Amino acid sequence: MNLTELQALEERYLMRTYKRAPVEFVRGEGARLWDSEGKEYLDFLGGISVCSVGHCNPEVVEAVREQAGNLMHASNLFYTEPMVRLAERLSESSLGGRVFFANSGTEANECAIKIARKHAHRRGVEAPEIVSFDRDFHGRTYGALSATPKLAADPDLGPMLAGFRAVPFDDAAALRAAVGESTAAVLIEPIQGESGIYPVSDETLLAARQACDEAGALLILDEIQTGVGRTGSLWAHEQTPVRPDVLTSAKALGGGMPIGACVTAPAAGEVLEPGDHGSTFAGGPVACAAALAVLDIVDDPALLRRVRELGARLRDGLLAIDGVHEVRGRGLMLGVGLDEGIDAAALGAELLASGLVVNVPEPGTLRLLPPLTVEDDQLDRAVGAIGSALLSYSANQ
Ligand code: PLP
C-alpha cells in the first residue's frame, strides 16, 4: 500500500484527532528511522520522548520477545515476576514507597489524582482541590484533562471535573496563595514538555513543597516526559532541591511498549486499598519486561553523565546558530526558541523533508527529544541541519 492509499484509508476510518505529517515510517534503529520509500531520517523526537534507548533497542527487543514467548497476560488476580521486580526497581530508584501500574501517562496521573483526593478526605477535606500550572499538560482522560488548564477550557469537552485550579506558570507567590486547607495536591510538571519545554525554577518548587507540607497536601510531580533519564538523571527532580510524595512515569519507561506507573513515597503508598483502583492490562508481563530492560540501560551513571554532556554539546551548537535566541530545558530535553517572526511550523516541515524529525509544540519553538543513546556525529548532524534550514529560511524571506 503506498502513502496516498494509506492517507485515503486513514481519512475514511480514523477519527480526526491527529494531524499527521505525510510520511509513513516502516523501520527504526537507534536514532534512525526509514520511511516506506527507503529514505533515512535522524529522529530527534524519539516518538515524543518514548524511544529513549533508541528504536528497536536489541536488549528491549530480546526482553519482549522472550517474555511474549513465555506469557503475555495473566491478569492482576495472580502474581507475575516482571511486575513485582519492576515495582521494586522503580520504588528503590525513587521515592521508596509503592507502585501502581497503568498503561499510559494519563492513567498514571489518574491514579495520582485518586490518591490525592482520598488522602485529603482522610484529613476531613470535603471538596479537595488540585492545583496545577497554566499550560501544564497531564493527559487526556477527564481527571488529567481537568488538570490541563488549556485543554480543560474547551467548552465542547466540558464539564470538567470539579476541584481543579490553575495558577500562572512558575509563580511561587500565586502557588503559595492557592494552596490551603482544602488542597489535596499540587500536580505539576518539573519541566513543562508539551507547552514548549519550560523548566520550573527551584524557588517555585521549594515553595510548592513548603506549601504542601503546611497544608497537609501531596506534591505530585508528573515526570512522564522528564523521567527515565531524559534530563540526565533518572528522575528530573533529582536535580532540584525537592522530593515529591508521588511521581508519575510513562513514555520512555517501556522503550516503546505502553506502560505507565504511579510511584509513591512510603506514606502516600498506603492510601489506596483493595477495590480503590485497577486496570486489566496494567503491569502486564511483556510491558514490565521491556521496562526492566530499559532501566538496565538507563539507570547507569555513565549513561546519565553522557546525557548531560550531550545536552550541553547540543545546547552550545544550537546557541551558535543565527535565528536561535534561546535554548530551554535540561539534558536531552530541549526547546529551541527561534527569533521572532520565524515560522517554526514551516521550519519543522523543512527539517522533516531534509531528514530530521523534530516537533513544534508552540509557535516559535522546536522541541528536541533525541534518544539518550544518540551518537556525537548524529548530534552534530542535527545541529547542522537546523543551521542550514534556518539559513535557507532567512534567504527566502
Ligand atoms: N504528562 C505529561 C507531562 C506528558 O507529556 C504526557 C504526554 O505527552 C502525558 C502526561 C500524557 O501521557 P499519555 O499520552 O501517555 O497519556
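Below you will find a few notes about this structure. (Residues numbered from 1 in each chain as written. Predicted model: local features only at pLDDT ≥ 70, side-chain atom pairs only at ≥ 80, totals over all residues. Heavy atoms only, no water.)

1. A look at the packing of helix 11 (residues 301-319) against helix 13 (residues 376-395)
Thinking step 1. At their nearest, the axes of helix 11 and helix 13 sit 10 Å apart, and the two run at 25° to each other. If you check the angle between helix 11 and helix 13, you find them roughly parallel. The handedness of the crossing between helix 11 and helix 13 comes out as right-handed. Counting all contacts with helix 11, which are made through Arg306, Leu310, Arg313, Leu314, Gly317 and Leu318, the residues of helix 13 involved are Asp376, Leu379, Asp380, Val383 and Ile386. (Axes fitted to C-alpha atoms, helices over the stretch in contact; angles between N-to-C directions. Helix = DSSP H or I, 4+ residues; strand = E, 2+ residues; numbered from the N terminus. Parallel < 35°, antiparallel > 145°, perpendicular 65-115°, else oblique. Left-handed = near helix turned anticlockwise from the far one by under 90°. Contact = heavy atoms within 4.5 Å.)

2. Looking at the site of the ligand
Thinking step 1. Near the ligand you find 13 residues, and of these Gly105, Thr106, Asp222, Gln225 and Lys251 are the closest.
Thinking step 2. Between the ligand and the protein, one listed contact pairs an oxygen atom with a backbone N or O atom of Thr106 at 2.8 Å.
Thinking step 3. When the free accessible area of the ligand is taken as 390 Å², the share hidden by the protein chains comes to 83%.
Thinking step 4. Considering each element in turn, the shell around the ligand owes the most residues, 3 residues, to helix 5 (residues 105-122).
Thinking step 5. Residue composition of the shell around the ligand, grouped by class: 2 nonpolar, 7 polar and 4 charged. (Near = heavy atom within 4 Å. Polar contact = N/O pair within 3.5 Å; in protein donor to acceptor, adjacent residues only side chain to side chain. Areas by Shrake-Rupley, 256 points an atom, 1.4 Å probe, with all protein chains shown as cover. Nonpolar A, V, L, I, M, F, W, Y, C, P; charged D, E, K, R; others polar.)

3. Remarks on the pairing of strand 16 (residues 359-362)
Thinking step 1. Sheet topology note: the strand 16/strand 17 (residues 365-368) ladder contains 2 bridges and is antiparallel. Paired with Glu362 across the strands is Thr365, a residue of strand 17. (Pairing = 2+ DSSP bridges.)

4. Some points on the pattern of salt bridges
Thinking step 1. Following the criterion strictly, the structure yields 22 salt bridges and no others.
Thinking step 2. The closest approach of N and O atoms between Glu129 and Arg165, which form a salt bridge, is 3.0 Å. With a gap of 36 residues between them, Glu129 in strand 5 (residues 129-133) and Arg165 in strand 6 (residues 164-167) connect regions that are remote in the sequence.
Thinking step 3. Across the pair Arg209 and Asp213 runs a salt bridge, and its minimum N-O distance is 2.7 Å. In this pair, Arg209 and Asp213 both sit in helix 9 (residues 202-215), 4 residues apart, roughly one turn of the helix.
Thinking step 4. What emerges from the salt-bridge pattern is a single network uniting Arg27, Glu29, Arg32 and Glu40. (Salt bridge = Lys/Arg side-chain N within 4 Å of Asp/Glu carboxyl O.)

5. Re the packing of aromatic side chains
Thinking step 1. Under the counting rule described, the total for this entry stands at 3 aromatic pairs.
Thinking step 2. On the basis of an interplanar angle of 85° and a centroid distance of 5.0 Å, the ring pair of Phe25 and Tyr41 is categorised as edge-to-face. Here Phe25 is found in strand 1 (residues 25-29), whereas its partner Tyr41 is found in strand 3 (residues 40-43), with 16 residues between them in sequence.
Thinking step 3. Take Tyr41: its relative accessible area is 4%, and that puts it in the buried class.
Thinking step 4. Summarising the aromatic geometry, the rings of Phe169 and Tyr198 are spaced 6.4 Å apart at their centres and angled 70° between planes, so their arrangement reads as edge-to-face. Remark: Tyr198 occurs in strand 9 (residues 198-199) and Phe169 occurs in the loop between strand 6 and helix 8 (172-178); sequence separation between them is 29 residues.
Thinking step 5. Of the aromatic side chains, those joined through ring pairs into one cluster are Phe133, Phe169 and Tyr198.
Thinking step 6. Between Arg27 and the ring centre of Trp34, over which it is positioned, the NZ or CZ distance is 4.0 Å. (Phe/Tyr/Trp six-rings, centres within 6.5 Å; stacked < 30°, edge-to-face > 60°. Buried < 20%, exposed > 50% of the residue type's maximum accessible area, 1.4 Å probe, protein only. Lys NZ or Arg CZ within 6 Å of the ring centre and 35° of its normal.)

6. A short note on the layout of surface pockets
Thinking step 1. The calculated volume of the second largest pocket comes to roughly 680 Å³.
Thinking step 2. In terms of lining residues, the second largest pocket is bounded by 26 residues, among which Arg98, Val99, Phe100, Phe101 and Leu272 are the most central.
Thinking step 3. Counting residues per element, the lining of the second largest pocket draws most heavily on helix 4 (residues 81-92), which supplies 4 residues. (1 Å grid on protein atoms, 1.4 Å probe; cavity = no way out; pocket = protein on both sides within 12 Å on 5 of 7 lines; lining within 4 Å. Points joined across faces, edges and corners; volume = space filled by probe spheres on them.)

7. Observations concerning the sheet that holds strand 6
Thinking step 1. Strand order in the open sheet formed by 7 strands is 4-12-11-10-7-5-6, with mixed pairing between adjacent strands. The sheet is open, and its two edges are formed by strand 4 (99-102) and strand 6, each paired on a single side. Recorded for the sheet is a direction-independent mean angle of 20° between the axes of neighbouring strands.
Thinking step 2. Pairing analysis gives 3 bridges linking strand 10 (residues 218-222) to strand 11 (residues 246-249), with the strands arranged parallel. The residue of strand 11 that forms the bridge with Leu221 is Leu247.
Thinking step 3. Docked against the sheet, helix 4 engages strand 4 and strand 12 (260-264), running at close to 120° with respect to strand 4.
Thinking step 4. Each of strand 4, strand 5, strand 6, strand 7 (183-188), strand 10, strand 11 and strand 12 is contacted by helix 5, which is oriented at about 30° to strand 12, the strand it contacts most.

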